[in-house]
Amino acid sequence: MATMREWLRRLSGTIRRDRADQDLEEELRLHVELLAEAAQRQGHSPEAAARRARLQAGGTAQAMESMRDQRGLPWLEDLGRDAQLGLRMMRRNPLFSAVAILSLALGIGANTAIFSLVNPLMLRALPVREPAQLVELLSKFPGEPRNNAFRWNVYEHFRDHNHVFSDLIGLLPRRAEVSGDALAAETVSAEYATGNFFPALGLEPALGRLIRAEDDQLNADVVAVVSWSYWQNRFNHHPGIVGRRIVVDGAPATIVGVAPRAFRSVLFGSRPDVWLPAAVGRRNDSRFALGLVGRLKPGVSIEQARAEMRVLDRWRIEEAAKTAPFLRQLTIELEPAGAGLSLLRDYYGRPLLVLMAIVALLLLIACTNVAGMLLARGTARQRELAVRVSLGAAGFRLMRQMLTESVLLAGLGGALGTALAYFGVDALVRIVMSGRGVVGLAGPLQQIEAHLDAEVLMFTAAVSLLAGILFGIAPAWHALRSAPAQSLRETGTAGDARSKRLFGRGLIVAQVAISLVLLSTAGVFISHLWNLRNVGLGFNRHGVLLVTLDPSRSGMAPERLFQPYQDLLSRLEAIPGVRAATLSGVTPIHGAGSARFVNVPGFQEPPMARQYTSLNWVAPRYFETFGTPLVAGRDFQFADQGQARVAIVNQSMARYYFGDGNAVGRQFTLDGQDRAYEVIGVVGDAKYLDLHNAAPRTVYLNAFQESRMFSHRFSIRTDTAPSAVAGDVQRTVAEVMPAMAITRVTTLADQVDASIVPERLVAMLSMLFGSLGAVLVGIGLYGLLAYTVSRRTNEIGIRMALGATRHDMIKMVLAGAAGLVAAGLIVGAPFAWWGRQLASRWIVNLPIDNPWPIAFGAIAMMVVGLAAAYLPARHAARVAPAEALRHL
Amino acid sequence: MSNKDKAGVLQGTLDLMVLQTLATLGPQHGYAIAARLEQVSGGALQLNMGTLYPALMRLEQRGLLRGEWGVTDNSRKARFYAITAAGRRQLGAGKAEWDRMADIMRTLLHEQG
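Throughout, a residue's number is its position along its own chain's written sequence, starting from 1. For this description, chains carry letters from A and ligands carry numbers from 1, given in the order in which they are written. Owing to the predicted nature of the model, reporting of local features is limited to residues with pLDDT of at least 70; listing and counting of side-chain atom pairs is limited to 80 or more, with chain, interface and lining totals taken over all residues.

Trainee: Teacher, can you tell me more about the overall build of chain A here?
Mentor: Helix and strand labels come from DSSP, where a helix needs a run of H or I of at least four residues and a strand needs a run of E of at least two; each type is numbered from the N terminus. A count of helices and strands for chain A gives 26 helices and 23 strands. Counting the 888 residues in chain A, one finds 42% classified as buried. To sort residues by exposure, count the other C-beta atoms lying within 10 Å of each residue's C-beta; 20 or more gives buried, 12 or fewer gives exposed, and values between give partly exposed, all with C-beta atoms placed from the backbone.

Trainee: Would you take a moment to explain the overall build of chain B for this structure?
Mentor: Counting secondary structure elements, chain B contains four helices and three strands. Tracing chain B from N to C terminus, the helices and strands come up as α-β-α-α-β-β-α. C-beta atoms are placed from the backbone for every residue, and two residues are taken to be in contact when these atoms lie within 7 Å. Within chain B, contacts between residues at least 6 apart in sequence are counted, and of these 53% link residues at least 24 apart.

Trainee: Hey, could you run me through the domain arrangement of chain A in this one?
Mentor: When the parts of a complex come together, some accessible area is lost, and that lost area is often used as the size of the interface. When cut into domains, chain A gives domain 1 (2-71), domain 2 (73-124 + 346-496), domain 3 (131-338), domain 4 (499-538 + 752-888) and domain 5 (556-738). The start and end points of each domain follow an automatic or database-based domain assignment. Its C-alpha centre places domain 1 of chain A at a distance of 96 Å from the equivalent point of domain 5 of chain A.

Trainee: What is the right way to look at the interface of chain A and chain B in this model?
Mentor: In this assembly, 23 residues from chain A lie in contact with 18 residues from chain B. Listed by contribution, the elements that provide at least two residues to the side of chain A that touches chain B are α1 (2-16), α2 (21-41), α3 (46-57) and α4 (60-71) of chain A. With seven residues, α4 of chain A is the single largest residue contributor to the side of chain A that touches chain B. In this classification, Asp, Glu, Lys and Arg are treated as charged, Ala, Val, Leu, Ile, Met, Phe, Trp, Tyr, Cys and Pro as nonpolar, and every other residue, Gly included, as polar. Taken together, the residues of the side of chain A that touches chain B sort by class into nine nonpolar, eight polar and six charged.

Trainee: Looking at this structure, I do not really get the pairing of strand β3 (residues 165-180) of chain A. What am I missing?
Mentor: Where a strand is regular, its side chains alternate between the two sheet faces. Residues and elements named next belong to chain A. Across six bridges, β3 lies against strand β10 (residues 289-296) in antiparallel orientation. In the sheet register, aspartate 167 faces β10, and the bridge partner there is arginine 295. As judged from the nine bridges shared by β3 and strand β4 (residues 183-193), these two strands associate in the antiparallel manner. Its bridge partner lying in β4, arginine 175 is registered against serine 189. In this description, strands pair whenever DSSP reports at least two bridges between them.

Trainee: Would you mind going over the packing of helix α22 (residues 757-791) of chain A against helix α25 (residues 852-877) of chain A with me for this structure?
Mentor: When two helices pack together, their arrangement is given by the angle between their axes and by how far apart the axes lie. Residues and elements named next belong to chain A. Helix axes are fitted to C-alpha atoms over the stretch in contact, other axes to C-alpha atoms as well, and angles between N-to-C directions run from 0 to 180 degrees. In the contact formed by α22 and α25, the axes pass within 9 Å of each other and the chain directions differ by 30°. With respect to their mutual orientation, α22 and α25 come out roughly parallel. Crossing handedness for the pair α22 and α25: right-handed. Here α22 contributes Ala774, Val777, Gly778, Leu781, Tyr782, Leu785, Ala786 and Val789 to the contact with α25, which in turn contributes Ala860, Met861, Val864, Gly865, Ala867, Ala868, Ala869, Leu871, Pro872, His875 and Ala876. Here the contact of α22 with α25 is built from residues that sort into 16 nonpolar, three polar and no charged. Any angle that falls under 35 degrees is termed roughly parallel, while one over 145 is termed roughly antiparallel, one within 65 to 115 roughly perpendicular, and all others oblique. Whether a crossing is left-handed or right-handed is set by the direction in which the near helix is turned from the far one by less than a right angle, anticlockwise for left-handed and clockwise for right-handed.

Trainee: Before we go on, may I ask you to explain helix α17 (residues 562-573) of chain A in this structure?
Mentor: Note: α-helices contain 3.6 residues per turn, so residues at a spacing of three or four share the same orientation. All names here are of chain A. Given a helix with a known number of residues, its expected span is that number minus one, times 1.5 Å. Helix length check: α17 (12 residues) gives 17 Å between terminal C-alpha atoms against 16 Å at 1.5 Å per residue, within 8%. All of the buried residues along α17 are Tyr565, Leu568, Leu569 and Leu572. Buried residues of α17 fall within an arc of 100° about the axis and therefore sit on the same side. For α17, exposure combined with an orientation more than 90 degrees from the buried face picks out Gln563, Asp567 and Ser570. Buried residues belonging to α17 abut β13 (578-584), β22 (713-718) and α20 (726-736). This arc is built from the directions going out from the helix axis to the C-beta atoms.

Trainee: Got a minute to help me understand the pairing of strand β8 (residues 251-258) of chain A in this structure?
Mentor: Residues and elements named next belong to chain A. Relative to β8, strand β5 (residues 207-208) runs antiparallel, the two being bridged by two bridges. Note that in β8 the partner of glycine 208 across the bridge is glycine 257. Where strand β7 (residues 245-248) and β8 come together, four bridges link them in antiparallel fashion. Along β8, the bridge assignment pairs valine 247 with proline 252. Here β7 hands over to β8 after two residues, with aspartate 249 in that stretch at a positive phi of 50°.

Trainee: Looking at this model, I keep getting lost on the sheet that holds strand β1 (residues 28-29) of chain B. Mind explaining?
Mentor: Within a sheet, adjacent strands bond to each other through the backbone by hydrogen bonds, running parallel or antiparallel. Residue and element names in this part refer to chain B. Pairing in this open sheet of three strands is antiparallel, and the strands run β1-β3-β2 from one edge to the other. The open sheet terminates on both sides in strands that have one partner only, identified here as β1 and β2 (65-71). Contacting β1, β2 and β3 (77-83), helix α1 (residues 13-25) crosses the sheet at an angle of about 95° to β3.

Trainee: Help me understand the packing of α22 of chain A against helix α24 (residues 806-842) of chain A, please; the structure alone is not making it clear to me.
Mentor: Residues and elements named next belong to chain A. Packing of α22 against α24 brings their axes to within 11 Å, and their N-to-C directions diverge by 140°. Considering the angle they form, α22 stands oblique to α24. The handedness of the crossing between α22 and α24 comes out as right-handed. Contacts between α22 and α24 involve Leu781, Leu785 and Val789 on the former and, on the latter, Val813, Gly816, Ala817 and Leu820. Taken together, the residues of the contact of α22 with α24 sort by class into six nonpolar, one polar and no charged.

Trainee: Would you take a moment to explain the nonpolar core for this structure?
Mentor: Nonpolar side chains in soluble globular proteins tend to end up buried together. Residues and elements named next belong to chain A. By size, the foremost hydrophobic cluster in this structure holds 214 residues, and its most contacted members are Leu104, Ala224, Val274, Leu362, Val370 and Val512. If one sorts the elements of this core by residue count, helix α12 (residues 343-390) sits on top with 18 residues. The contact partners of valine 274, leaving out residues within four places of it in the chain, are Ala176, Val178, Val188, Ala190, Ala224, Val226, Tyr230 and Val248. Throughout this description, the term nonpolar core refers to a group of buried Ala, Val, Leu, Ile, Met, Phe, Trp, Tyr and Cys residues whose C-beta atoms join them within 7 Å.

Trainee: Can you help me understand the confidence of the model for chain B in this one?
Mentor: Interpretation of the predicted coordinates at a detailed level should be avoided for regions scoring low in pLDDT. Summing up the model confidence of chain B, the mean pLDDT is 84 and the portion of residues at 70 or higher is 88%. As a predicted assembly, this complex carries a pTM of 0.72 together with an ipTM value of 0.86. For every residue, the pLDDT score states the predictor's confidence, bounded by 0 at the bottom and 100 at the top.

Trainee: Whenever I open this one, unusual backbone geometry confuses me. Can you help?
Mentor: For residues besides glycine, phi is generally negative; the peptide bonds are generally trans as well. Residue and element names in this part refer to chain A. Look at glutamate 130: it is not a glycine, yet its phi comes out positive at around 45°. Following the sequence through the fold, glutamate 130 ends up in the loop between α6 (94-123) and β1 (134-140). With 14 C-beta atoms packed within 10 Å, glutamate 130 lands in the partly exposed category.

Trainee: Where do I start with the environment of leucine 428 of chain A in this structure?
Mentor: Residue and element names in this part refer to chain A. Mapped onto the fold, leucine 428 is located in helix α13 (residues 395-433). The buried category is assigned to leucine 428, around which 21 C-beta atoms lie within 10 Å. Put simply, leucine 428 and leucine 761 are 333 residues apart on the chain and 8.1 Å apart in space, counted from C-alpha to C-alpha.

Trainee: Please explain the confidence of the model for chain A as it appears in this structure.
Mentor: All names here are of chain A. This prediction gives chain A a mean pLDDT of 84; 90% of its residues lie at or above 70. By mean pLDDT, the top-scoring element of chain A is helix α18 (residues 622-626) (95), and the lowest-scoring one is helix α15 (residues 484-489) (49). Confidence drops under pLDDT 50 across residues 435-445; counting only partners more than four residues distant or on other chains, this segment forms 20 contacts. Note that residues 485-495 has pLDDT below 50 and, in this model, 13 contacts with residues that lie over four places away or in other chains.

Trainee: Please clarify how the environment of isoleucine 332 of chain A should be interpreted in this entry.
Mentor: Residue and element names in this part refer to chain A. Along the chain, isoleucine 332 turns up in strand β11 (residues 331-336). Isoleucine 332 sits in the buried class, given 22 other C-beta atoms within 10 Å. Contact partners of isoleucine 332, with chain neighbours within four places excluded, come to Leu137, Ser139, Met309, Arg310 and Asp313.

What follows is the structure, encoded as structure tokens:
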């Protein structure tokens, strides 16, 4: 009880400071005075009396110190005092403080920004019951990304025959057009969900009810569940939403409830407005496929589930192999899904982890840098510290003081870094999602969100604290180790120990080494990106505008689109700045296409070797528009319409099926069709779906020879920037076909870039962070050299007096810098090599046998080192011998 | 003379001495308390400031003393300490405890001696 009361009083003492230092001092002064008077009364002289009094009373300083400790909560008070002192030291050295804080801000800010992307993607659990039990099913074909899409019959087979899942749910994100009374027609993001979806996730409705098993029947009335935010934005939280009739994709549905507020989707980054029973999707689409998520039964491990699902999956593989034997190579994989499904995680996860490693190294450079600066300043402060030690400050106390200073620096750096990250994160998300934002279209189905939320800020605070201790501990230790008596005795210049000098150089070497790793890794990522963008594309990605039309609501039947489309193409080509215009079913690197088996008379191949050939229905001038060379034969013509079927094949296709002989004039059929196509031309290979894969065998067919027009993607080759003609193109479309909807306008370059966002992200950011690291190293090196030169002014003066030239002095400083950088490069090279191997394990097709990135990093570091040495070297050359010697 | 007190003050006994002094003499400033203790101990107990004033502060924080600035007989500003009701209770309890402990020690030491 008494201790409690004392503690409270101490706390209030800390806060109210009711007995200030002055107050205490006055009390002690009186004590000493009274003692002295007593001594004087005993007959001592005033001087002797005062001395006796001081001796008997003991040191005022010590008494003050004990009372301060007693007064408040000592550690809190000391911390405040240490922090105040630290702030004072910072103000006294504004340049040092600014550089240190800025370095740390860059390092910590980069970590904060990347972590804010990693956290929701990799770590945050879904707001559902027992998220750790959720696993997702992934189909894997060798050499292709995994995907979570299974046909309905496969879903039923898995659901009804497994013994490892308490529930197996299926979902499919889609866009849906929703309209209704007082509800303007709009395209929303929807999700088809199996009847057990909500119950299995343990979700409770915010209002009404959620989708149940009986709703997910082909003959059931269509129900819809809306998201909290949709309820808020479209219905203003009106409870009357339950029972409302709406129209979804042209079919009536009834809203039965609102999903819980915290729940968005199990699909990461997806924010559906409406959930519909999977049966609706099955009715509309015969190729309906679902993403599958299982909830493990209690006690069942993911390993057991994998084993069982591999057995069950044989059924799926056999079904698929009936039509395509090569699909026997399919496998099934299971992954934890407690943080949401992994589609985006597969796509972004590893690049983000690579970036996380990079920013960690950047922070390490920043810490090392600041440690070096603190160390140099520690030398300057050694006398101050020595004085404090001899005045009775405990070593522990000084250590704490120095650590408080460094944590304070880190804290300020962290605060500034958070501000940097706040703006940086927006830019990051824009990069991540760039290329997908398209003129006049709803956003992508999946949206990465990154906020500086409480979790991220906690991370930042922890990183700052850790950084502060990391870079503070060595200088603090060094400062303390130097014996106070010794450093008081010595002059200011000779005060620092050899070990400390070595340590300072070691820090620079370490920084150069880390920086080399960062720069060479950035070099690898950049050359990887360059390769993806430029090597073996087979088309020219610059100067092409892509416009997608949607005739479904134009009232124009696909059979009657041929003439309007042909008119449109000639009108488009008449626009100034347009060189060619064409249309096609798919455009390069759009990410979706069609493929069939091809039969060539007389050509035999083993069933397992038989692979799909990619297909594209194109108009005349397609190859001209995309810059794909016509190697043999002729292009399509509008006049082919109504004539014998013709086709153009790429060189891979020609080589595979027709050998070295000329393919032109040869014939083939598509699997399941009788009609023969005659090859009229051969074109160069061009990448089709994905930049990461080599150009597949491809057949181009004339879109104008089909019975219906199903190619709606217009491509326009321009002489100027493609976006410059976008307005003219849209106007022209409206003139030719007023009812036609334009659903997408973008450029080919953007479409290509949108397919390699992770690579661009990693390349850009690794270069950015690598450059920042190099700048930090430059600053650190400059600081060390400037300091060294200023301390060696005497020596330089003597040397010059003895006949050394300015040139010699410059050479001496530059050689010193080059030596440090070279040492760093030697240390760093193996790590750079090893880092590259590590990265190549995470990112496929990384060009790792190329020595240039490491050479690039090494040269860059040398340049940085010499640039950093320039000013100190000039300074050394300007030392006037007479001046320097006078200071000896 | 060193900075150390002439007689090592047993932990806790100083509190009791201070309380007793104030209970007997009424409000006193720090120097007067020290002088009184020196006098009573026949010069054996010379408290330095680093011992006395933190103790006063501790007692005040526990609510056993109340300190207030006042004026001495010859018009000097000084901080006077007065024992509080809680201080008197504490003194009573402390005295009883001290007597009990002293009895035990005496008995024990005489047996052995």
